[in-house]
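Below are the chains, spelled out letter by letter.
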Amino acid sequence: MALIAPSIIAADYGHLHTQANDALDAGANWLHLDVMDGQFVPNLTIGPGIVQAMRPIADAHEAALDVHLMIDDPGRFINTFAQAGADVCTVHVEACTHLHRVIQQINQAGMQAGVALNPGTPLAALDAVLPLVDLVLVMSVNPGFSGQQFIDRSTPRIRTLRRQLNAIGSDAYLQVDGGVKPTNAKSLVQAGADVLVAGSAIFGGSNAVAENVNAFRAAMTLKA
Ligand code: DX5
Ligand code: ZN
């Protein structure tokens, strides 16, 4: 069973506390917090203040705060997000001049280190750091907005990455983010993903958040 990480980018910001609680009460495992700077991606979202605001809710559910930095030169803000309460800090390969150094910074700040790959970036970009990370995030949309169409070529990339992680004996999480729905959840887990990020599939639409979380659980337990 994969972990479910609702992405609050798609939540009702006027009721963030309630929406996050509802998702974790329903059994979601992490809160995925998409930080965007309007530079690395064409959108602006939240900062360390929201991470800090989510910390008590995460603690109350023994859930992790999974911060996805879609920002240029993220090394500038590693300690800021650590102090705000992030448990996992993921940076983009494409946004780091000194990726190896940023991973060291994340670990020195006491967080688990994640690296993210955009759909246009070859998996080989991870080769030098794969043994050093705690999480790899395969973007299955071009980052910036919730509600986009899943890019089908992401699934073979997940399968290849799973094989690479197994080959080096890594226990890093393999996370997929973008266009993830109950309808593709099982195939993504079968391909090797073990953390599913979902924004609009959890917080969008007319169903209750709890129903949407349950739909993911049900989809992953479906007989093959
Ligand atoms: C990058 C963001 C989104 C978000 C998920 O754009 O990282 O992918 O988390 O949004 P949905 O699940 O609605 O595609
Ligand atoms: Zn994300």
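Here the structure is shown first, and the text comes after it.
Residues numbered from 1 in each chain as written. Chains lettered and ligands numbered in written order. Predicted model: local features only at pLDDT ≥ 70, side-chain atom pairs only at ≥ 80, totals over all residues. Heavy atoms only, no water.

**Student:** Is there a simple way to explain the overall build of the chain in this structure?
**Tutor:** Along the chain, the regular secondary structure elements total eight helices and eight strands. Against the compact-globule benchmark of 17 Å for 224 residues, the chain has a radius of gyration of 16 Å, which places it among compact chains. A burial count over the chain gives 54% of its 224 residues as buried. Sequence separation of 24 or more characterises 64% of the internal contacts of the chain that already satisfy a separation of 6 or more. Charge-centre separation for the chain: the mean point of 12 positive side chains lies 10 Å from the mean point of 19 negative side chains. (Helix = DSSP H or I, 4+ residues; strand = E, 2+ residues; numbered from the N terminus. Rg over C-alpha atoms; globule rule 2.2 N^0.38 Å. Buried < 20%, exposed > 50% of the residue type's maximum accessible area, 1.4 Å probe, protein only. Contact = heavy atoms within 4.5 Å. Lys, Arg positive; Asp, Glu negative; His and termini not counted. Charge placed at Lys NZ, Arg CZ, Asp CG, Glu CD.)

**Student:** Mind showing me how you'd approach the coordination of the zinc ion (ligand 2) here?
**Tutor:** Ideal coordination angles are 109.5 degrees for a metal with four donors arranged tetrahedrally and 90 or 180 degrees for a metal with six donors arranged octahedrally. The coordination sphere of the zinc ion (ligand 2) contains the protein donors H32 (NE2), D34 (OD), H68 (ND1) and D177 (OD), at a distance range of 2.0 to 2.2 Å. One chain supplies every donor for the zinc ion (ligand 2), spaced along it as H-x1-D-x33-H-x108-D. Of this pair, D34 sits in strand β2 (residues 30-36) while D177 sits in strand β7 (residues 173-177); the two residues are 143 residues apart in sequence, bridging distant segments of the chain. For the pair D34 and D177, one class covers both residues: buried. (Donors = N, O, S within 2.8 Å, 3.2 Å for Na, K, Ca; no water.)

**Student:** Would you mind going over the pairing of β2 with me for this structure?
**Tutor:** Across a regular strand the side chains alternate sides, sitting on one face of the sheet and then on the other. Taken across its seven residues, β2 has seven buried, putting it largely inside the fold. On β2, burial covers both faces: W30, H32, D34 and M36 on one face and L31, L33 and V35 on the other are all buried. Here seven bridges tie β2 to strand β3 (residues 64-70), and the two strands are oriented parallel to one another. Within β3, the residue paired with L31 across the bridge is L65. Between the parallel elements β2 and β3, the chain passes through helix α2 (residues 48-60) in a crossover that is right-handed. (Pairing = 2+ DSSP bridges. Right-handed = clockwise from strand over helix to strand, strands pointing away.)

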